[in-house]
Structure formats: structure tokens, C-alpha cells
Amino acid sequence: MDFSQIQTAISQCFWQIDFQDFNFQPNAPYIPNIVCDYAWHPPPEGWVKLNVDGSCLGNPGDASAGGLLRDASSNWLLGFGFNIGETSVLATELIGISFGLQLAWLNGFHRVIVESGCLKAVKLINNEENIFFHPLAALIQDCRRLMKMDWHCCLSHVYGEQNFCADSLAKQSHVKIGDLGLAAIQQGSQSAHSVIGTLEFMARESYEWDYNKLVDVYSSW
């Protein structure tokens, strides 16, 4: 037996010892022992959780935001979804967070855990760095102001799977209200009054001025 054969036999012995010591099968597929939890978790008792997300068809593109509040028993408390118009992805996320915070505050929820799927937005709001020259400084500062009000409120990032409900609400909110041009006919105009519909005709109860029966007909469609 030459030296190379002896060296090969010794190395095989070492490999066999290693496999036996670690109970490792060299031909078995390796499956890493990594457990990732992508499930949504309810907040602690006495708290509510606000999940918010944005949806943008391009950057910039047609944008919408959505979110919901749930309690410690996973019960739905409030939800929202609205079309924003054309803007950037980051602006969409910031608008959604701001709206959700305002909704939670106005409805008397003062122990709120906020979760967003946008890590960049979360970092911009949580960090105390100067944003004076940031193009979205006003939105970021608004979110920071809301977070610092007289309540217990924290903001963190979550994976998309944990934010599924908010993401679904945001995506469904791309649908725009339209009056099929009837507002222009009623007002004797040939031009469109709004890209997303004419609210004084579609939501007449929000307006105080007079309207006739024709408005009632096509507002109820």
C-alpha cells in the first residue's frame, strides 16, 4: 500500500468518526432547523393593534392605503381603505400610517401597537434624525407628532404575511368612485369635474346645499 492509499484510508476513518459523533448521514438532505413565525399575533390585553399598508401600481403610480384595528381577542374594531391618487410608494405608506394613527386617536384607543409592512417608513418615523431636506418631511413629521401625543403608541415593521389583512384592504381600495359623467350633465358642463367622481353627487349627505331629485336617482346606484 503506497502513501496516497494510506492517506485516503485515514481521511475516510476521520469522516466516519465525525458522522457517527454527530449522528449525521452524509447522503441525507440537509434541512436547516430554522423556524420563522409569519402569523399575525393579537396585542396584549388592554391594547389594540393597528395594521396599515399601502398599495402602489408603479412608483409613482395609482396609490391606495388600507388598515384595521383589532383587540386582544382578535376582534375587528375599525377598518379603512381609500384611494390616494398618483404618488410614490413611500408617500403611500406614510399617508396610511398617519391616517391609521388619527383614526385610532379619535376613537379613543390610547394603547396602540402599530405595524407596517414598509421598513423604510418605520425607520424614518422612529429615528430622530433631521428630515428637514427630505422630500416627504411634512408627512414624516406628521407621523412623528401623532406618535408623541398623550398615549402609549409604538410602531414596528412586520412581514407581508403578518400584514395580510391591511394589504388586502389597501389593494381593494384602488376602485374609484365614479358618477359616469352625470354630474357634468346636471351642472351643464362638458368637462369632467373629478377623476374619482363628484362627491357632492355621490355622497350628497355630506353637503349642505340644495340638490334636486335627479341627484337622488343616480347617487343611489
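Residues numbered from 1 in each chain as written. Predicted model: local features only at pLDDT ≥ 70, side-chain atom pairs only at ≥ 80, totals over all residues. Heavy atoms only, no water.

In the annotation of an unreviewed UniProt entry, the protein is listed under the name RNase H type-1 domain-containing protein and assigned to Hevea brasiliensis.

S.K.: Quick question: what am I supposed to make of the sheet that holds strand β2 (residues 61-70) here?
M.R.: Strand pairs in the sheet, formed through backbone hydrogen bonds, run parallel or antiparallel to each other. Strand order in the open sheet formed by 5 strands is β3-β2-β1-β4-β5, and the pairing between neighbours is mixed. The sheet terminates laterally at β3 (76-87) and β5 (152-157), the two strands that pair on one side only. Adjacent strand axes in the sheet meet at a mean angle of 15 degrees when their direction is disregarded. Two elements, strand β1 (residues 48-58) and strand β4 (residues 111-116), share 5 bridges in a ladder whose sense is parallel. The residue of β4 that forms the bridge with V52 is S116. (Pairing = 2+ DSSP bridges. Helix = DSSP H or I, 4+ residues; strand = E, 2+ residues; numbered from the N terminus. Axes fitted to C-alpha atoms, helices over the stretch in contact; angles between N-to-C directions.)

S.K.: Whenever I open this one, the confidence of the model for the protein confuses me. Can you help?
M.R.: If pLDDT is low for a region, its predicted coordinates should not be looked at in detail. In the predicted model, the protein carries a mean pLDDT of 78, and the fraction of residues at 70 or more is 63%. Mean pLDDT values for the elements of the protein range from 45 in helix α8 (residues 213-219) up to 98 in β4. Counting contacts from residues 179-187, a segment whose pLDDT is below 50, to residues more than four positions away or on other chains yields 20 contacts. Counting interchain partners and residues more than four positions distant, the pLDDT-below-50 stretch residues 190-202 has 32 contacts. (pLDDT = per-residue confidence, 0-100. Contact = heavy atoms within 4.5 Å.)

S.K.: Before we go on, may I ask you to explain unusual backbone geometry in this structure?
M.R.: Leave glycine aside and you will find that most residues have negative phi; peptide bonds, for their part, are mostly trans. Here N59 and P60 are connected by a cis peptide whose omega angle stands at 5 degrees. If you trace the backbone, P60 turns up in the loop between β1 and β2. Unlike most non-glycine residues, S74 shows phi in positive territory, near 70 degrees. You can see S74 is positioned in the loop between β2 and β3. You can call S74 partly exposed: its relative accessible area is 38%. (Buried < 20%, exposed > 50% of the residue type's maximum accessible area, 1.4 Å probe, protein only.)

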